[in-house]
Amino acid sequence: MPDTARSTANTLEPYFMPFTANRQFKSAPRMIVSAAGMHYTTDDGRRLLDGSAGMWCVNAGHGRERIVRAIREQAAAMDYAPAFQCGHPGAFELAGRLAALMPGSLDHAFFCNSGSEAVDTALKIALAYHRQNGEATRTRLVGRERGYHGVGFGGTAVGGMANNRKQFGNLLAGVDHLRHTHDLGEMAFSRGHPAWGAHLADDLERLCGLHDASTIAAVIVEPVAGSTGVLVPPEGYLARIRELCDRHGILLIFDEVITGFGRVGAAFAAERFGVEPDMITMAKGLTNATVPMSAVGVSKGVYDTLMAGPAGVELFHGYTYSGHPLACAAGLATLEVYAEEGLFERARALAPVWEDALHGLRGRRNVIDIRNIGLMGAVEMAPRPGEAGARGFAVYLECFDSGLIARQTGDTIALSPPLIITEDQIGELADILGAAIDAVD
Ligand SMILES: Cc1ncc(COP(=O)(O)O)c(C=O)c1O
């Protein structure tokens, strides 16, 4: 190898890291080299408890032999099949399994490769549906403040995080937002659904008044906002959004990229919360994060409407890797693991233990809120004056040094362990986090 090539390969510099403070990381790298079960191992041989299932995605724990085997066998049998005007059995089988898993009339799956792609796909399906339905004026998309829907132009536009939007100009035109549902004064330290806040859903009525419902195609919300710190929906809030969508002919999309596949103690939050959307976006836990894959679950009504269009291609949309054979094999094996080990039920059964462990951190230094639902949760700390996010990042680093990987968002530490976590490990996680919080000023 020429010297220049070797020296480049040995430096951290060429990798432009995503959503990362590149300069900070490269000055003090946190390098992970292997993973098994509930743990990661760092390049210096330290074991870290995985408090975040990777990034909300490794729901069955790391290195699951059955999933690894399925991917290996599929790669040997057929690495790739054209996704357009051709099919392979795995994609149809996985779509069928997802149709059986999704609630109510959601019975079709469109495959993509990331949560971001699933979101943009769902938004485009909503637009195409209304056009086909004779309501081409319905082009407006409604998201929510503090929503995260990935990083495509559509997802960024309907998302409600200032940092994710401010560098990118106007994004999409014709987008509006509901207010977020988080109010510390009204709901701090709620266990599960806050009792206050269902009325915030009436924002949708206000937007219908402002823009006229005939211009609105879809509302997209995360049933539990994950990336902005596990904001659990107020009791009755999602049902009210559904009611208003029905009243005004608006499609409802649940972005379940995080909440899908057992995170809240059921296959989907839609099932757990008893509110059925017209589409569900899913990713992450779909393949236990082994092979990138996402999907849009589509209701029979939406699918049938699109199928009633002119002969030929019904939706001019798709990806080279839609329904990639390796991803389908991984997805099928993952769903088998979830079912055989009863991991969704396990998450539900462990939720009270999880809730008690997290709320046991109340009273720790600077803690101003604790939130939880299923096996997800968050501990929020007061920001340092004039330094929003600095305390959260310091606690994240302290956790990493003390043997726990968590997620940091602002001054909130978000948690979502693999669903195989034991009660002892829940205790360990809370102990490490509590000590880290106390160690940071
Ligand atoms: C709710 C939600 N939607 C969409 C996405 C984007 O997924 P991806 O990073 O796979 O594009 C995420 C990622 O965290 C998410 O949490």
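Residues numbered from 1 in each chain as written. Predicted model: local features only at pLDDT ≥ 70, side-chain atom pairs only at ≥ 80, totals over all residues.

Attention shifts here to helix α5 (residues 89-101). With 13 residues, α5 extends 19 Å from end C-alpha to end C-alpha; this agrees with the ideal 18 Å at 1.5 Å per step. Looking at α5, one finds that the buried residues are Gly90, Ala91, Leu94, Ala95, Leu98 and Leu101. Projected onto a plane normal to the axis of α5, the buried residues spread over an arc of 130 degrees and lie on a single side. For α5, exposure combined with an orientation more than 90 degrees from the buried face picks out Pro89 and Ala100. (Helix = DSSP H or I, 4+ residues; strand = E, 2+ residues; numbered from the N terminus. Expected span 1.5 Å × (residues − 1). Buried ≥ 20, exposed ≤ 12 C-beta atoms within 10 Å, placed from the backbone. Arc of directions from axis to C-beta.)

Here helix α14 (residues 325-341) contains 17 residues, and its C-alpha end-to-end distance of 24 Å stays within 8% of the 24 Å for a straight helix at 1.5 Å per residue. Among the residues making up α14, those that are buried are Pro325, Leu326, Ala327, Cys328, Ala329, Ala330, Gly331, Ala333, Thr334, Leu335 and Tyr338. Looking at the buried residues of α14, the elements they touch are α4 (65-77), α5 and α15 (343-359). At the exit of α14 stands Gly342, carrying a positive phi of roughly 55 degrees. (Contact = placed C-beta atoms within 7 Å.)

Now for the domain arrangement of the protein. By a frequent convention, interface size equals the accessible area lost on bringing the separate parts together. The domains assigned to the protein are domain 1 (31-63 + 342-439) and domain 2 (67-340). The straight-line distance from the C-alpha centre of domain 1 to that of domain 2 is 25 Å. Each side of the interface is counted separately: domain 1 has 33 residues, and domain 2 has 29 residues. A total of seven residues in the side of domain 1 that touches domain 2 trace back to one element, the largest contributor, which is α15. Taken together, the residues of the side of domain 1 that touches domain 2 sort by class into 16 nonpolar, eleven polar and six charged. (Domains from an automatic or database assignment. Nonpolar A, V, L, I, M, F, W, Y, C, P; charged D, E, K, R; others polar.)

With mixed pairing, the four strands of this open sheet are ordered in space as β1-β2-β3-β13. If you trace the sheet from one side to the other, it starts and ends with β1 (32-36) and β13 (404-405), each paired once. Relative to strand β2 (residues 39-42), β1 runs antiparallel, the two sharing four bridges. Of the residues in β2, the one forming a bridge with Ala35 is Tyr40. (Pairing = 2+ DSSP bridges.)

Turning next to the site of the ligand. The full set close to the ligand counts 14 residues, and Ser114, Gly115, Ser116, Gly150 and Val257 are the nearest of them. Looking at side-chain class alone, the shell around the ligand contains five nonpolar, seven polar and two charged residues. (Near = placed C-beta within 6 Å.)

Turning our attention to the pairing of strand β8 (residues 251-255). Walk down a regular strand and you will see the side chains alternate between the two sheet faces. Among the five residues in β8, five count as buried, and that is most of the element. With burial as the criterion, each face of β8 is covered, one bearing Leu251, Ile253 and Asp255 and the other bearing Leu252 and Phe254. One ladder, built from four bridges, connects strand β7 (residues 216-221) with β8; its direction is parallel. Looking at β8, one finds that Ile220 is bridged to Ile253. The parallel pair β7 and β8 is bridged by helix α11 (residues 237-248), and the resulting crossover is right-handed. Here β8 pairs with strand β9 (residues 279-282) via three bridges, running parallel. Residue Ile253 lies in a different strand from β9, and its bridge partner there is Met279. (Right-handed = clockwise from strand over helix to strand, strands pointing away.)

On to the nonpolar core, then. Formed by 126 residues in total, the largest nonpolar core has its most connected members in Ala218, Val219, Ile241, Leu251, Ile253, Ala295 and Leu433. Looking at this core, the element that brings in the most residues is α14, giving eight residues. Both of domain 1 (31-63 + 342-439) and domain 2 (67-340) provide at least three residues apiece to this core. Aside from chain neighbours lying at most four places away, what touches Ala295 is Leu98, Ala109, Phe110, Phe111, Cys112, Ala118, Met282 and Leu286. (Core = buried A, V, L, I, M, F, W, Y, C linked by C-beta atoms within 7 Å.)

As a further point, take the sheet that holds β8. Backbone hydrogen bonds are what pair the strands of a sheet, in a parallel or an antiparallel way. Across the sheet, which stays open at both edges, the seven strands sit in the order β4-β10-β9-β8-β7-β5-β6 with mixed pairing between neighbours. Looking at strand neighbours, the two that pair on one side only are β4 (106-112) and β6 (175-178), the edges of this open sheet. Taking the axes of each pair of neighbouring strands and ignoring which way they run, one obtains an average angle of 20 degrees across the sheet. Bridge count for strand β5 (residues 140-144) against β7 is three bridges, and the pairing is parallel. In the strand pairing of β7, Val142 is matched with Val219. Strand contacts of helix α6 (residues 115-132): β4, β5, β7, β8, β9 and β10 (294-299), with the helix running at about 25 degrees to β10, the strand carrying the most contacts. (Axes fitted to C-alpha atoms, helices over the stretch in contact; angles between N-to-C directions.)

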